[in-house]
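Each chain, letter by letter, is given below.
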Amino acid sequence: MTVTAGRQPDHDDPGDVWPRDALAAVFGDDVAGLALVRMLIAHPDWVHRRVDTLEYRDDTTFRRRQSVHFTVPAAAPRIRVSEARFRLVPLTTLCKETLVNFDCRDESGTALPVLTREHQGLLVLRGMTAWAEDIAGGRLAADVADEMAACLTGDEVERAGARAAFAAGGGQRDLLRADAFFSLLLERLTDQFVLVTMVDDPPGTQRIVKFAYEELCELATEPWPRAPLAALCWIPRQAATAAESLFSAESYHFEADLPAGVDVPVASLWVGPGPDDLACVDVDPGDHLRIALRSPGYDRGVAEVRWSLRPARRGWLRAAWFATTVAAVSLAVGAWRLDTITADSSSGTRTELAAAVILAVVGALGGLVARIEEHPLVTHILAWPRRLAAVAAMLPLVAASSLVVGPAGAARHGLWISSAVVAGLIAAAFTVAFVRPATAADRPPVDPR
């Protein structure tokens, strides 16, 4: 099918037609829009493989890259603007929100054009309207057409109102809701827009298109009483992201690059008819910084990738465990032998200074542990342990200062005992985090398919 941008009747001269107006005329065609909608439904027939790759940029944002391997189908609508000829290819659907740092390129790294929201909205609206009129057996009623237009091209408030009105209304809406494919696609396109690129290849050509953008992904919030356990790194933190592309290809692959300083005990891919009825279809046992999951494509449903995160034993956690343990032992021994250290003798002052220097060294060791020199995600996970490490670093310094400037007597002894107890509790917390008792989030799901 060929769609040509014709002369615009509201211009005095064909040369006055702006490129934007010419494109709007092309993308407002029923035939091209219907072909595009049909290609969305038939994604698994011409898209062979999708690879989702995530890379954490900081603690709340990662860059999502998707690679789409497909064969240009003969059904791809052809358009002609001036002397240029293209085929429209709907790569995927994405949430109707601003895409940050978006980029789209082909297999050679050459930038590819993508349709604007306005132009793809014209295409989708005309295609869905033509499909709806075919189901209804005639032109749509004005209110039904307005509700569909609001669902597909309106803002968030307009979409919410139109969705509710369409779901509650009767007449032609009953026929449209009864068509499972139409109602499913209308619901999907109410929340998502179609990412459409243009290629100049003939049907049968295999292409690989890659696009990328940044996406928010915060760690899951643990309910009480698990929240403090997760904050202390006694249990893993958990994260998840949607895998909607699994339903629009023959084969789906998920990969994620995790920053150094964290361990991934386990990652899994879940699929089901709804968010409350998911089953595990693939598991990555973890113990490395790259998650790799795969699955054959499915027709419809909900898909999600879940993974758990722990601070790595190597590096900061090991240094913190060692430093806090040394500080706790030193304070405990010092509190036990405080009378000997502070005994009144000719060498007493020298003894006190020596003890102060030793404890200051221990405190400095803890201060080194408290430095921040890692990926923001690791810093976020270690936020509370780092605070505890800072406290543990200060305790020996406070105890050592009492040997030089006071207080003396029972007050000094009480200060040392209190410091030793607090340091011991902190060292115990780091010991549990370092020993890492196994939890359900560390093990693969019980019944992976």
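Draft legend 1. Local environment of the overall build of the protein chain. Counting its secondary structure elements, the protein chain contains 15 helices and 15 strands. The buried share of the protein chain, reckoned over its 449 residues, is 45%. By sequence separation, contacts in the protein chain at least 24 residues apart represent 76% of the contacts at least 6 residues apart. Only carbon and sulfur atoms are counted for the fraction: they give 58% of the accessible area of the protein chain, which is about 21,800 Å².

Draft legend 2. Just the pattern of salt bridges, in detail. Applying the stated criterion across every chain, the model contains 21 salt bridges. Connected via shared salt-bridge partners are D106, E107, D201 and R207.

Draft legend 3. The arrangement of helix α5 (residues 142-153) in detail. The terminal C-alpha atoms of α5, which comprises 12 residues, lie 16 Å apart, in line with the 16 Å expected from a rise of 1.5 Å per residue. Along α5, the residues that are buried comprise V144, E147, M148, A150, C151 and L152. The inward-facing, buried residues of α5 abut α4 (117-136), α6 (156-168), α7 (172-178) and α8 (180-191).

Draft legend 4. Quick look at the packing of aromatic side chains. A complete count under the given rule lists 7 aromatic pairs for this structure. Consider the rings of W46 and F70, whose centres lie 5.7 Å apart with planes at 85°: the pair is edge-to-face. In this pair, W46 is assigned in helix α3 (residues 43-46) and F70 in strand β3 (residues 61-71), connecting sequence segments 24 residues apart. Neither W46 nor F70 differs from the other in exposure class; each is buried. Note on W131 and F182: the rings are 5.2 Å apart at their centroids and 85° apart in plane angle, and the pair reads as edge-to-face. With W131 in helix α4 and F182 in helix α8, the pair connects residues that are 51 residues apart, well separated along the chain. On the accessibility criterion, F182 (0% relative accessible area) is buried. Here R300 stacks its cationic end above the ring of F181, 5.1 Å away from the centre of that ring.

Draft legend 5. Inspection of the side chain of R207 at higher detail. With respect to the helices and strands, R207 occurs in strand β8 (residues 206-216). When its relative accessible area of 10% is taken as the criterion, R207 is described as buried. Within the structure, the side chain of R207 is placed 2.3 Å from the side chain of D201, a separation counted as a polar contact. When neighbours within four sequence positions are excluded, R207 is seen to be in contact with V68, H69, F70, V72, D106, E107, V199 and D201.

Draft legend 6. Representation of the environment of L377 within the structure. Mapped onto the elements, L377 comes out in helix α13 (residues 376-381). For the pair L377 and D58, spaced 319 residues apart in the sequence, the C-alpha separation amounts to 5.5 Å. For L377, the residues in contact, after removing those within four places along its chain, are Y56, D58, D59, L219, L258, P259 and L309.

Draft legend 7. Fine view of the nonpolar core. Ranked by internal contacts, the top residues of the largest apolar core, which has 39 residues, are Y56, F254, L258, L269, I291, W307 and L309. With 30 residues, the next largest nonpolar core counts I79, A132, F166 and L176 among its residues.

Rules of the game
By convention here, each chain's residues receive numbers from 1 onward along its written sequence. Reporting of local features is limited, given that this is a predicted model, to residues whose pLDDT is at least 70; pairs of side-chain atoms are given and counted only at 80 or more, and all residues count toward the totals for whole chains, interfaces and linings. The side-chain values count all of the structure's non-hydrogen atoms but skip hydrogen atoms and water molecules. Strands are runs of DSSP state E lasting at least 2 residues, helices are runs of H or I lasting at least 4, and numbering of each runs from the N terminus. Buried means the residue's accessible area, taken with a 1.4 Å probe over protein chains only, is under 20% of the maximum for its type, while exposed means over 50%, and partly exposed covers the values in between. Contacts between residues were defined by any pair of non-hydrogen atoms, one from each residue, lying within 4.5 Å. Computed by Shrake-Rupley with a 1.4 Å probe, the accessible areas treat only the displayed protein chains as cover when residues are assessed. The term salt bridge refers to a side-chain nitrogen of Lys or Arg lying within 4 Å of a carboxyl oxygen of Asp or Glu. For a helix, the expected span equals 1.5 Å multiplied by the residue count minus one. We call Phe, Tyr and Trp rings a pair once their centres come within 6.5 Å, taking the six-membered ring for Trp, and we label the pair stacked below 30 degrees between planes, edge-to-face above 60, and tilted otherwise. Consider the ring centre and the ring normal. A charge sits over the ring if Lys NZ or Arg CZ is within 6 Å of that centre and within 35 degrees of that normal. In protein, a polar contact requires one atom able to donate a hydrogen and another able to accept it; more generally it is a pair of N or O atoms within 3.5 Å, and residues adjacent in sequence count only if both atoms are side-chain atoms. The set of buried Ala, Val, Leu, Ile, Met, Phe, Trp, Tyr and Cys residues whose side-chain atoms join them within 4.5 Å is what this entry labels a nonpolar core.

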